[in-house]
Amino acid sequence: MFYELRDHPDDLPIRCGTLAEAKRRARIRVERFGFSVLIYEVSPFTGEKLLEEIG
């Protein structure tokens, strides 16, 4: 299982190994660019699931 950051559901993802890393990188992107970032959990068995929106 891994996590992905996306600025929009159709954007190319930024892959992260842990949820903590994904949240940290999402906060940095929000501060830098000023728009919300979506965090998805990706599992080879269940697919992807939206976890939260940081913004």
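Residues numbered from 1 in each chain as written. Predicted model: local features only at pLDDT ≥ 70, side-chain atom pairs only at ≥ 80, totals over all residues. Heavy atoms only, no water.

Novice: Where do I start with the nonpolar core in this structure?
Specialist: Soluble, globular proteins show a tendency: their nonpolar side chains are buried together. Within the largest apolar cluster, 9 residues are counted, these being Tyr3, Leu5, Cys16, Ala22, Ala26, Val30, Val37, Ile39 and Ile54. Of all the secondary-structure elements, those providing two or more residues to this core are strand 1 (2-6), helix 1 (19-33) and strand 3 (37-43). Take this core: its biggest share by element is 3 residues, from helix 1. Dropping the residues within four chain positions of it, Cys16 is found in contact with Phe2, Tyr3, Leu5, Glu21, Ala22 and Arg25. (Core = buried A, V, L, I, M, F, W, Y, C linked by side-chain atoms within 4.5 Å. Buried < 20%, exposed > 50% of the residue type's maximum accessible area, 1.4 Å probe, protein only. Helix = DSSP H or I, 4+ residues; strand = E, 2+ residues; numbered from the N terminus. Contact = heavy atoms within 4.5 Å.)

Novice: What should I look at first to understand helix 1 in this one?
Specialist: Count 3.6 residues to each turn of an α-helix, and residues three or four apart come out pointing the same way. The terminal C-alpha atoms of helix 1, which comprises 15 residues, lie 21 Å apart, in line with the 21 Å expected from a rise of 1.5 Å per residue. Along helix 1, the residues that are buried comprise Ala22, Ala26, Arg29 and Val30. Down the axis of helix 1, the buried side of the element spans an arc of 100°, and every buried residue falls inside it. Along helix 1, the residues that are exposed and aim more than 90 degrees away from the buried face are Ala20, Glu31 and Arg32. Among the residues trailing helix 1, Gly34 stands out with phi positive, at a value near 80°. (Expected span 1.5 Å × (residues − 1). Arc of directions from axis to C-beta.)

Novice: Sorry, what's going on with the sheet that holds strand 3 here?
Specialist: Working definition: the strands of a sheet are paired by backbone hydrogen bonds and lie parallel or antiparallel to each other. In space, the 4 strands of this open sheet follow the order 2-1-3-4, with antiparallel pairing throughout. The outermost strands of the open sheet, each flanked by one partner alone, are strand 2 (14-16) and strand 4 (47-54). The sheet shows a mean angle of 30° between the axes of neighbouring strands, taken without regard to direction. Strand direction decides the pairing type here: strand 1 and strand 2, joined by 3 bridges, are antiparallel. Considered in strand 2, the bridge of Tyr3 is made with Cys16. This element, helix 1, spans strand 1, strand 2, strand 3 and strand 4 of the sheet and lies at about 160° to strand 3. (Pairing = 2+ DSSP bridges. Axes fitted to C-alpha atoms, helices over the stretch in contact; angles between N-to-C directions.)

Novice: I would appreciate a short explanation of the environment of Tyr3 in the present structure.
Specialist: Mapped onto the secondary structure, Tyr3 falls in strand 1. Taking C-alpha positions, Tyr3 is 5.7 Å from Val42, a pair spaced 39 residues apart along the chain. Setting aside its immediate chain neighbours within four residues, Tyr3 contacts Ile14, Arg15, Cys16, Gly17, Thr18, Leu19, Ala22, Tyr40, Glu41 and Leu51.

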